[in-house]
Amino acid sequence: MKPFNEYLAMTAEQIMADPEAPESLRIAARIELEKAQKFNLEVEVTRTATDKPA
C-alpha cells in the first residue's frame, strides 16, 4: 500500500483503478465520480434546453 499522501495527488479514476487503494478511499472516489456524473447530466440538460438550433 502507498503512503496516504500519494493518494492525495491521484484523481478519483486513478484511485478506483488502484487495487491497493484502501476501501475508504475507493468509496470516497466512487461518490465523487457519481457527483461529477450527476452534475454533468444536469448541465447538459440545461445547456440543451437553452441552446438555439443552428
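The structure contained in this document is the topic of the report that follows. Just so it is clear, the structure is predicted and the values come from calculations on it, not from any experiment. (Residues numbered from 1 in each chain as written. Predicted model: local features only at pLDDT ≥ 70, side-chain atom pairs only at ≥ 80, totals over all residues. Heavy atoms only, no water.)

1. Overview of the environment of methionine 1
Here's step 1: Looking at where methionine 1 falls in the secondary structure, it is placed in the segment before α1 (4-8).
Here's step 2: Residue classification places methionine 1 among the exposed positions, given a relative accessible area of 72%.
Here's step 3: Separated by 19 residues in sequence, methionine 1 and glutamate 20 place their C-alpha atoms 5.5 Å apart.
Here's step 4: Excluding residues that lie within four positions of it along the chain, methionine 1 makes contacts with Tyr7, Glu20 and Pro22. (Helix = DSSP H or I, 4+ residues; strand = E, 2+ residues; numbered from the N terminus. Buried < 20%, exposed > 50% of the residue type's maximum accessible area, 1.4 Å probe, protein only. Contact = heavy atoms within 4.5 Å.)

2. Here's the deal with the pattern of salt bridges
Here's step 1: Here the structure, examined in full by the defined rule, presents three salt bridges.
Here's step 2: With its nearest N and O atoms 3.8 Å apart, the salt bridge here joins glutamate 34 to arginine 30. Placement of the pair is glutamate 34 and arginine 30 together in helix α3 (residues 23-50), with a separation of four residues, close to one helical turn.
Here's step 3: We classify glutamate 34 as partly exposed; its relative accessible area is 46%.
Here's step 4: Judged by its relative accessible area of 39%, arginine 30 is partly exposed.
Here's step 5: A salt bridge links glutamate 32 to lysine 35, with the shortest nitrogen-to-oxygen separation between them at 3.7 Å. In this pair, glutamate 32 and lysine 35 both sit in helix α3, three residues apart, roughly one turn of the helix.
Here's step 6: Residue classification places lysine 35 among the exposed positions, given a relative accessible area of 51%. (Salt bridge = Lys/Arg side-chain N within 4 Å of Asp/Glu carboxyl O.)

3. Concerning the nonpolar core
Here's step 1: Of all hydrophobic cores here, the largest spans seven residues; its members are Tyr7, Met10, Ala12, Ile15, Ala21, Leu25 and Ala29.
Here's step 2: Apart from the residues within four sequence positions on either side, alanine 29 is in contact with Ala12, Ile15 and Met16. (Core = buried A, V, L, I, M, F, W, Y, C linked by side-chain atoms within 4.5 Å.)

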